[in-house]
Amino acid sequence: MTGSNSKIVLSGMRSTGRIHLGNYFGAIKNWVELQDRYDCLYFAADWHALTTDYADPSAVAANTLDAVADWIAAGLDPERSVIFVQSMVPEHAELHLLLSMLTPLGWLERVPTYKDQIREIENKDLATYGFLGYPVLQTSDIIMYRAHYVPVGEDQVAHLEITREIARRFNSFYGDVFPEPQPLLTPTPKVPGIDGRKMSKSYGNAIGLTEDPDTIRRKCMEMFTDPQRVRRSDPGRPEVCNLFRFHELLTPEAEREDIAIRCRAAEIGCVDDKKILAETMIEYLAPFRRRREELLADRDTLLDVLRAGSEKARERAIATMERVRAVVGLDYDALPVEAVTEPT
Ligand code: SF4
């Protein structure tokens, strides 16, 4: 047990490599804070990455290590949380298979993200069994640990509903095996990219959590600002300025207020503000960058952490699967010999 509360929190993220500020403020920062209050398990979802990257899986393992190095750099503590890799706990696949027996097709086809992603991800063939079954694997990830809570933002509560439905259906057949996981509402500020759209690697507008200072300076200089502020002498509008959203996340309140006042009075230009933001960001992210470098100084250290975390997760998964096999009628050790029918 890690946190001060015995309630279990589980969350995971697809292994897509180093994390960006959107991932940090939208999820990882909350994960770090939850460590003090709950028994937390966090995993890198490398099988989930394969649902879309199956044709070229060459980057999946490296992306997994890159992501976890950033998580730990951001403050996830392997002593307080169980940090593991999905594929290192193969019991997830077994539970996924058993859950797939009882999950109605219609439930999967109506998951809103399923159709959206098929439409949005154009260069990959996602008309596969694995991609359709994504929510079943997700359910197995969560209920395997009998998680009480899954941290989500308000707009993601619906995503958890199918997990709750599948758990409920399992329990209705086999008894009260799995608690229905509840959403744990956590603050998830919207983090824009440098171009004002949602920050996303696929848009090429992201700033990495452990990016080097020169790249941060360059990206801040490219950042979109108030589109109506054409000349230096025009008053600006921090409330609509894309760059100011970053001040809200990173800059101490008094300094931020001062920038807003000077912006509205046209006393500060956008180029100067970009420079201020860049230095603020570099300072804010410096400890993350330092921790990542320390962690990766010896690559085996990170792998050892992941193997140890996955072992801990696996102990719990094995216990769950013993119970699951028993209730679905696959506990052969418990079968009395008289139950085997004689040849006729
Ligand atoms: S001065 Fe700063 S807050 Fe004001 S419009 Fe320019 S970048 Fe945005």
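Here we summarise the structure given alongside this text. Everything numeric in this text was worked out from a predicted model, so none of it was measured.

1. Points about the overall build of the protein chain
Secondary structure summary: the protein chain contains 14 helices and five strands in total. For the protein chain, the C-alpha atoms occupy an extent of roughly 95 × 40 × 40 Å along the three principal directions. Taken over 344 residues, the protein chain has a buried fraction of 46%. By element, 53% of the accessible surface of the protein chain is carried by carbon and sulfur atoms, the whole surface being about 17500 Å². Counting 42 positive and 54 negative side-chain charges, the protein chain places the centres of these two groups 5 Å from one another.

2. A word on the nonpolar core
Core analysis: the largest hydrophobic core is formed by 51 residues, its most contacted members being L21, I28, W71, F246 and M281. Among the elements that take part in this core, helix α1 (residues 21-34) stands out by supplying eight residues, more than any other. Setting aside residues up to four positions removed in sequence, F246 forms contacts with L21, V191, P192, G193, M199, M223, T251, L277 and M281. L95, L108, L126 and A167 belong to the second-largest nonpolar core, a separate cluster that totals 38 residues.

3. Quick look at the pairing of strand β2 (residues 39-45)
Most of β2 sits inside the fold, with seven of its seven residues counted as buried. The side-chain alternation of β2 yields two buried faces, one formed by D39, L41, F43 and A45 and the other by C40, Y42 and A44. Pairing between strand β1 (residues 8-14) and β2: seven bridges, direction parallel. Paired with L10 across the two strands is L41, which belongs to β2. Following the backbone out of β1, through α1 and into the adjacent parallel β2, one traces a crossover that is right-handed. Here β2 runs beside strand β3 (residues 82-85); their pairing, made up of four bridges, is parallel. Of the residues in β3, the one forming a bridge with A44 is V85.

4. Examining the environment of C263
Structurally, C263 is set in helix α12 (residues 253-264). Residue class for C263 comes out buried when judged on its relative accessible area of 12%. Residues C263 and M199, 64 residues apart in the sequence, show an inter-C-alpha distance of 24 Å. Residues within four places of C263 in sequence aside, it is in contact with R229, P235, G236, R237, P238 and I268.

5. Here we look at the pattern of salt bridges
This model, assessed by the stated rule, comprises 25 salt bridges. Here R218 ties to E222 by a salt bridge, and the two come within 3.3 Å at their closest N and O atoms.

6. Quick notes on the packing of aromatic side chains
Taken as a whole, this structure holds 13 aromatic pairs when the rule is applied. Taking the centre distance of 6.1 Å and the plane angle of 35 degrees together, the rings of F25 and Y284 count as tilted. You can see F25 sitting in helix α1 and its partner Y284 sitting in helix α13 (residues 270-296), a full 259 residues away along the chain. F25 sits in the buried class, given a relative accessible area of 6%. For the ring pair Y284 and F288, a centre distance of 6.2 Å and an interplane angle of 80 degrees mean the geometry is edge-to-face. Of this pair, Y284 and F288 both sit in helix α13, four residues apart, which is roughly one turn of that helix. For F288, a relative accessible area of 7% corresponds to the buried category. Here the aromatic residues Y24, F25, Y284 and F288 are joined through ring pairs into a cluster of three or more. One cation-aromatic arrangement involves R197 over Y203; the distance from NZ or CZ to the ring centre is 4.2 Å.

Definitions and limits used
Residues numbered from 1 in each chain as written. Predicted model: local features only at pLDDT ≥ 70, side-chain atom pairs only at ≥ 80, totals over all residues. Heavy atoms only, no water. Helix = DSSP H or I, 4+ residues; strand = E, 2+ residues; numbered from the N terminus. Buried < 20%, exposed > 50% of the residue type's maximum accessible area, 1.4 Å probe, protein only. Areas by Shrake-Rupley, 256 points an atom, 1.4 Å probe, with all protein chains shown as cover. Lys, Arg positive; Asp, Glu negative; His and termini not counted. Charge placed at Lys NZ, Arg CZ, Asp CG, Glu CD. Core = buried A, V, L, I, M, F, W, Y, C linked by side-chain atoms within 4.5 Å. Contact = heavy atoms within 4.5 Å. Pairing = 2+ DSSP bridges. Right-handed = clockwise from strand over helix to strand, strands pointing away. Salt bridge = Lys/Arg side-chain N within 4 Å of Asp/Glu carboxyl O. Phe/Tyr/Trp six-rings, centres within 6.5 Å; stacked < 30°, edge-to-face > 60°. Lys NZ or Arg CZ within 6 Å of the ring centre and 35° of its normal.

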